[in-house]
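One letter stands for each residue in the lines below.
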2 protein chains.
Amino acid sequence: MTLKLYTLCGADTARHFSPHVWKTVMSLHHKGLDFEECPTPFTAIPEIEGGATKTVPLLVDGDTMIVDSFAIAEYLEETYPDAPSLFGGAGGVAAARFVERWSLTHMYVPLRSIIIMDIFNRLSEKDQAYFRSTREVRFGKPLEELAAGGAAQIDALSANLEPMRQTLSFHPFLGGEAPLFSDYIVFGGLQWARVISPIKLLADDDPVSAWFERCLDLFEGAGRKVPAAA
Amino acid sequence: MTLKLYTLCGADTARHFSPHVWKTVMSLHHKGLDFEECPTPFTAIPEIEGGATKTVPLLVDGDTMIVDSFAIAEYLEETYPDAPSLFGGAGGVAAARFVERWSLTHMYVPLRSIIIMDIFNRLSEKDQAYFRSTREVRFGKPLEELAAGGAAQIDALSANLEPMRQTLSFHPFLGGEAPLFSDYIVFGGLQWARVISPIKLLADDDPVSAWFERCLDLFEGAGRKVPAAA
């Protein structure tokens, strides 16, 4: 049976951009599962599946609904144990949590400053009002002020990615010879930027760029189905 | 047969302090192996085992000699597969490499500035000359200048540890419910500071402090056998 995945979209429903949803898209492909994407604007999320969630990704698998990209990955691992592993063993699950927390604090934070106005500009008018009011409360400043610090964050992001760069000198993916959920966690962040913003984040000769291209090539180019933002 | 582990010491041979050696000490205990420690000052390392290594840890297991804490952990995992796993599966090996690179760039770098004069002061006169000349070339500045930036690095270290702090809200060790080599990688850094410097790095109520205490309790308090520096 085809699974259903609620994704996050702006005014253009074909360009889904949530980094967390992208983690789940890659996880579903990794497990070889068929799924249908349901693009959802911010302000429509509270209405889906009878108010099942405040956030996406939301995965519907028959009678089961799961929210949160990490919980979904764990669910898929448990429910589809014969498909390729997303974690490579119990040690990999715990380690993926560390990669998640590292990416949230050291990658997503600078990324957010860099691309926040690109996100805003691609939302429908109704979603723009929602996004501005909720984010300005959350970050304690106007979106424009957050964005003003963005350019300086490009260097910070690059410096923060150094552990990943060094890891890629040992093996082609964070997961080793082949990708695991850890790769999709970091991929989600760079894909978020790729589909929403034309800004160039990494040098072409950066090993992280080469790794990102490898991730975009996975699953018959699943990540490229949404073109880079122009 | 008892294994032999070459450790790094200063003027006091009982106070071995290399963070990388500490990773191996914990790895050996994790595998339940008996080993003999051979404390070695910096300038004596080139002479051990007929010039087998420029660095410690060096592990001698019968006819096999292995250098480098990560290589040693992989060797132990392969050679003693029936003892508790250090990685928790293949995914855990790749992930431990990421934790290693993260710790080297985001934890060991600030730590080094903070404790470098404590290291210097605990070396024998001969080792002090060696340490100063090699490190001043490596870092491109006098030790005292590196150390001058140390106080500011305490806050940087604490900020850098945030991914770890958040991970510990999910499970008590980086490895999950029980420690893995990833834990010993980070433990090595804080133990390096604990045995060589009286400086207080973390608040008592920091979850990372509680985790460090849990690590010190492991293996009948193996990490406490060297008392904290006064």
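Residues numbered from 1 in each chain as written. Chains lettered and ligands numbered in written order. Predicted model: local features only at pLDDT ≥ 70, side-chain atom pairs only at ≥ 80, totals over all residues. Heavy atoms only, no water.

Before going further, it helps to spend a moment on the packing of helix H1 (residues 19–30) of chain A against helix H2 (residues 69–79) of chain A. Packed helix pairs are characterised by how far apart their axes lie and by the angle those axes make with each other. Residue and element names in this part refer to chain A. For the pair H1 and H2, the least separation of the axes is 9 Å and the interaxial angle reads 10 degrees. Taken together, H1 and H2 sit at an angle that is classed as roughly parallel. Crossing hand, H1 versus H2: right-handed. Residue-level inspection shows His20, Lys23, Thr24, Ser27 and Leu28 of H1 in contact with H2, the latter providing Ser69, Ile72, Ala73 and Leu76. Partitioned by chemical class, the residues of the contact of H1 with H2 number four nonpolar, four polar and one charged. (Axes fitted to C-alpha atoms, helices over the stretch in contact; angles between N-to-C directions. Helix = DSSP H or I, 4+ residues; strand = E, 2+ residues; numbered from the N terminus. Parallel < 35°, antiparallel > 145°, perpendicular 65-115°, else oblique. Left-handed = near helix turned anticlockwise from the far one by under 90°. Contact = heavy atoms within 4.5 Å. Nonpolar A, V, L, I, M, F, W, Y, C, P; charged D, E, K, R; others polar.)

What follows deals with the side chain of Thr105 of chain A. Secondary-structure assignment places Thr105 of chain A in helix H3 (residues 90–121). At 2.9 Å, the side chain of Thr105 of chain A forms a polar contact with the backbone oxygen of Arg101 of chain A. Excluding anything up to four places from it in sequence, Thr105 of chain A contacts Pro110 of chain A together with Glu162, Pro163 and Gln166 of chain B. (Polar contact = N/O pair within 3.5 Å; in protein donor to acceptor, adjacent residues only side chain to side chain.)

Attention now goes to the interface of chain B and chain A. Facing 28 residues of chain B, the contacting portion of chain A comprises 28 residues. A combined buried area of about 2,200 Å² lies between chain B and chain A, and 71% of that area is made up of carbon and sulfur atoms. Linking chain B to chain A there are zero salt bridges. Put simply, chain B and chain A have six residue pairs in polar contact (both at pLDDT 80 or more) between them. Elements supplying a minimum of two residues to the side of chain B that touches chain A: helix H3 (90–121), helix H6 (150–160) and helix H7 (162–167) of chain B. The leading source of residues in the side of chain B that touches chain A is H3 of chain B, at 12 residues. In terms of residue class, the side of chain B that touches chain A is made up of 13 nonpolar, 12 polar and three charged. (Buried area = accessible area lost by both parts, 1.4 Å probe. Salt bridge = Lys/Arg side-chain N within 4 Å of Asp/Glu carboxyl O.)

Any aromatic ring pair is given by two values, namely how distant the centres are and how the planes are angled relative to each other. Inspection of every chain in the model, using the stated rule, returns 25 aromatic pairs over all chains. For the ring pair Phe87 of chain B and Phe181 of chain B, a centre distance of 5.7 Å and an interplane angle of 70 degrees mean the geometry is edge-to-face. Highlighted residues: Phe87 of chain B in the loop between helix H2 (69–79) and H3 and Phe181 of chain B in helix H8 (residues 181–196), separated in sequence by 94 residues. Accessibility expressed as a relative area gives 2% for Phe87 of chain B, which makes it buried. Taking the relative accessible area as the measure of exposure, Phe181 of chain B reaches 0% and is therefore buried. By way of ring pairs, the aromatic residues Phe17, Phe42, Tyr130 and Phe131 of chain A are connected into one cluster. Geometry around Phe120 of chain B places Arg132 of chain B over its ring, the cationic atom sitting 4.9 Å from the centre. (Phe/Tyr/Trp six-rings, centres within 6.5 Å; stacked < 30°, edge-to-face > 60°. Buried < 20%, exposed > 50% of the residue type's maximum accessible area, 1.4 Å probe, protein only. Lys NZ or Arg CZ within 6 Å of the ring centre and 35° of its normal.)

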